[in-house]
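The chain contents come next:
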Amino acid sequence: MSRIALPAGLPVLPPRDPHSHKGTFGRALLVGGSVGMPGSISLSGRACLKGGAGLVTLAVPDAIINTVATFDAAYMTWPLPTDRSGHLPLHAKAKLSAKLEQADCLAVGPGLGQSRGLFFLVNDLASNFPRPMVIDADGLNLIAQRPDMTQPFTAPRVLTPHLGEFRRLVGKPQLTMEEATGSAIEFADKLQCVLVLKGSQTLVTDGTQQWNNPTGNPGLATGGSGDVLTGLITAMLAQQLNVYDAAVLAVFLHGLAADIAVKQTSQPGLTASDLLDFLEDALCEYAEARDAKSS
Ligand SMILES: NC(=O)C1=CN([C@@H]2O[C@H](COP(=O)(O)OP(=O)(O)OC[C@H]3O[C@@H](n4cnc5c(N)ncnc54)[C@H](OP(=O)(O)O)[C@@H]3O)[C@@H](O)[C@H]2O)[C@@H](O)CC1
Ligand SMILES: Nc1ncnc2c1ncn2[C@@H]1O[C@H](COP(=O)(O)OP(=O)(O)O)[C@@H](O)[C@H]1O
Ligand SMILES: [Mg+2]
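Small disclaimer: the values here were computed from a predicted structure and weren't measured. (Residues numbered from 1 in each chain as written. Chains lettered and ligands numbered in written order. Predicted model: local features only at pLDDT ≥ 70, side-chain atom pairs only at ≥ 80, totals over all residues. Heavy atoms only, no water.)

1. A few points about the overall build of the protein
Going by this rule: In this description a helix means any DSSP run of H or I spanning at least four residues, a strand means any run of E spanning at least two, and both kinds are numbered starting from the N terminus. Only protein chains enter the area calculation, which uses a 1.4 Å probe; residues under 20% of their type maximum are buried, those over 50% are exposed, and those in between are partly exposed. Contact definition: two residues touch when any of their heavy atoms are within 4.5 Å. Surface accessibility follows the Shrake-Rupley procedure with a 1.4 Å probe radius. Residue values consider only the protein chains on display as shielding. When charges are counted, neither His nor the chain ends are considered; positive counts come from Lys and Arg and negative counts from Asp and Glu. Charge positions come from single atoms, namely NZ of Lys, CZ of Arg, CG of Asp or CD of Glu.
Helices and strands together make up the secondary structure of the protein, namely 10 helices and nine strands. For the protein, the C-alpha atoms occupy an extent of roughly 55 × 45 × 35 Å along the three principal directions. Counting all 295 residues of the protein, 54% fall into the buried class. In the protein, once contacts between residues fewer than 6 apart in sequence are set aside, the share between residues at least 24 apart is 68%. A total accessible area of about 12,700 Å² is found for the protein, and carbon and sulfur atoms account for 52% of it. Here the protein holds 22 positive side-chain charges and 26 negative ones, and the gap between their average locations is 5 Å.

2. Some details on the pairing of strand β1 (residues 27-31)
To be explicit about the condition: Any two strands are treated as partners once DSSP identifies two or more bridges connecting them.
Burial of β1 is extensive: four of the five residues sit out of reach of the surface. Summarising the sheet, β1 and strand β2 (residues 55-61) pair through five bridges and their orientation is parallel. For Ala-28, the partnering residue across the bridge sits in β2 and is Val-56. Of the strand pairs in this sheet, β1 and strand β4 (residues 105-108) are connected by four bridges, and their pairing is parallel. Each residue of the ladder has a partner; that of Val-31, found in β4, is Val-108.

3. Quick look at the site of ligand 2
Quick note on the threshold: Being near a molecule or strand, for a residue, comes down to having at least one heavy atom within 4 Å of it. In the analysis that follows, any N or O atom pair within 3.5 Å is treated as a polar contact, provided that within protein one partner can donate a hydrogen and the other can accept it, and provided that, for residues neighboring in sequence, both atoms belong to side chains. A 1.4 Å probe that fits into a set of points on a 1 Å grid over the protein atoms alone but cannot get out defines a cavity; an open set with protein on both sides within 12 Å along at least five of seven lines defines a pocket, and lining residues are those with an atom within 4 Å of a point. A pocket or cavity is taken to hold a molecule when more than half of that molecule's atoms are within 2 Å of the pocket's grid points. The residue classification treats Ala, Val, Leu, Ile, Met, Phe, Trp, Tyr, Cys and Pro as nonpolar and Asp, Glu, Lys and Arg as charged. All others, Gly included, are polar.
In the vicinity of ligand 2, 16 residues are found, and the nearest of them are Lys-198, Gly-199, Gly-224, Gly-226 and Asp-227. One nitrogen or oxygen atom from the main chain of Gly-224 is found 2.8 Å from an oxygen atom belonging to ligand 2. Within the complex, 79% of the 570 Å² of free accessible area of ligand 2 lies under protein. Placement of ligand 2 is best described as lying within the largest pocket. If one sorts the elements of the shell around ligand 2 by residue count, helix α8 (residues 225-238) sits on top with four residues. When its residues are assigned to classes, the shell around ligand 2 shows four nonpolar, 10 polar and two charged.

4. Things to note about the site of ligand 1
Around ligand 1, a shell composed of 17 residues is seen, among which Gly-111, Asp-138, His-162, Arg-168 and Asp-227 lie nearest. In the environment of ligand 1, an oxygen atom lies 3.2 Å from a nitrogen or oxygen atom belonging to the backbone of Ser-40. Asp-227 is positioned such that a nitrogen or oxygen atom in its side chain is 2.8 Å from an oxygen atom of ligand 1. Burial of ligand 1 by the surrounding chains reaches 50%, relative to a free accessible area of 910 Å². For the shell around ligand 1, the secondary-structure elements that each account for two or more residues are α1 (38-50) and α6 (163-170). Considering every element that reaches the shell around ligand 1, the biggest residue donor is α6, with five residues. Looking at side-chain class alone, the shell around ligand 1 contains five nonpolar, seven polar and five charged residues.

5. A closer look at the nonpolar core
What counts, and what does not: In this text, buried Ala, Val, Leu, Ile, Met, Phe, Trp, Tyr and Cys residues form a nonpolar core when linked through side-chain atoms within 4.5 Å.
Counting 60 residues, the largest nonpolar core has Val-196, Val-204, Ile-233, Met-236 and Leu-253 as its most contacted members. Considering each element in turn, this core owes the most residues, 15 residues, to helix α9 (residues 243-264). Apart from residues no more than four positions distant in its own chain, Met-236 is found in contact with Leu-13, Gly-51, Leu-241, Ala-246, Leu-249, Ala-250 and Leu-253. Formed by 41 residues, the second largest nonpolar core is a distinct cluster that contains Leu-96, Leu-106, Ala-126 and Cys-193.

6. Quick word on α8
Owing to its 3.6 residues per turn, the α-helix brings residues three or four apart onto one side. The condition is simple: A helix is expected to reach a length of 1.5 Å times the quantity of its residues less one.
Counted at 1.5 Å a residue, the expected span for α8 with its 14 residues is 20 Å, and the 20 Å between its end C-alpha atoms agrees. In the stretch just after α8, Gln-240 is the one whose phi turns positive, near 75°.

7. Notes on the pattern of salt bridges
Threshold: Salt bridges are counted wherever a side-chain nitrogen of Lys or Arg sits within 4 Å of a carboxyl oxygen of Asp or Glu.
Tallied over the entire structure, the rule returns six salt bridges. Salt-bridge contacts for Arg-46 lead to Asp-72; the nearest nitrogen and oxygen are separated by 3.1 Å. Taken together, the residues Arg-46 in helix α1 and Asp-72 in the loop between α2 (65-71) and β3 (76-80) connect sequence positions 26 residues apart.

8. What to know about the layout of surface pockets
To be explicit about the condition: Grid points are joined across faces, edges and corners, and a volume is the space filled by probe spheres set on the points.
Its volume calculated, the largest pocket comes out at about 500 Å³. Lys-198, Gly-199, Leu-220, Ser-225 and His-254 are, among the 25 residues lining the largest pocket, the residues nearest its centre. The element best represented in the lining of the largest pocket is α8, accounting for four residues. For the lining of the largest pocket, the class distribution of residues is six nonpolar, 15 polar and four charged. Space inside the second largest pocket adds up to approximately 320 Å³. Along the walls of the second largest pocket sit 16 residues, with Leu-13, Pro-14, Arg-16, Phe-25 and Gln-239 positioned nearest its centre.

In structure tokens, the structure reads:
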């Protein structure tokens, strides 16, 4: 395998201590899924495992839990109630609470759908979960409906919108990618969060620092590739990277995995499920280059 050059400023995920155990690499909790969308939260969960989180639990509506469970034997599942429209109801919070207490980090949104109950549930988590949290997909659409969108977060948060989701967050349906890029730093600063503005050239910013990601290709333009990114960011948080470093490293590795993948497959043929298989190659190339740099 050819060694890649790591760009300056790329965060370091340290090599594993030989005496480490699964608890060392964190307990990640991912909340999402709805009837019709069991795949997205499963992709996130599998990416979270592939990214190195020690223990991964997916909390999903009980109507889809058997489907979600069969996608991977290595994550755990936690059944929550399902409402009549196939979504998590607000009262799912009671059953979620036990898992929230144990979680070192949280991801919310992939495949969640939208409802009035979910609006209250997601905004409660976004405001009150005391540890790092990734908000993606419908999680973003639900926080975009907060009466005061400019209210800063009080705990570490990573928001991962594509342009359509960013338009909803800022309430500007016509915003161009160029305009979004221009307002991303101000947005992150105002909300005191890390913003991952996803696109062909993903930007990561915490309002002070900024990362223009050099990896990735149009093979990623396929349903579910963002769900994989959400899981990977969560994995980095579980391994105790800070929110900015976790987002930057995950975005880099996600793009690198796609770059390796399309050399062996094709851009049109790449699926989000396939992408998972290349995360390991990306981590290998990264670790090799990191170790060569430090020796
Ligand atoms: N396997 C599964 O279960 C999967 C389930 N999924 C779940 O589906 C739910 C909906 O999520 P979503 O992202 O598909 O839909 P939505 O938020 O409406 O965004 C699309 C709108 O934004 C616009 N748009 C503009 N620029 C854009 C850009 N750069 N990248 C992308 N879009 C861009 C675009 O405009 P267009 O270009 O089409 O005019 C369009 O109007 C969510 O819960 C998610 O988790 C998926 O993850 C797939 C796999
Ligand atoms: N042309 C492209 N070049 C590079 N990366 C891309 C391209 N198109 C999409 N991506 C990446 O693929 C992912 C898509 O995320 P998202 O739209 O949330 O997908 P989904 O919701 O279907 O999982 C993002 O990480 C984005 O940066
Ligand atoms: Mg998405």
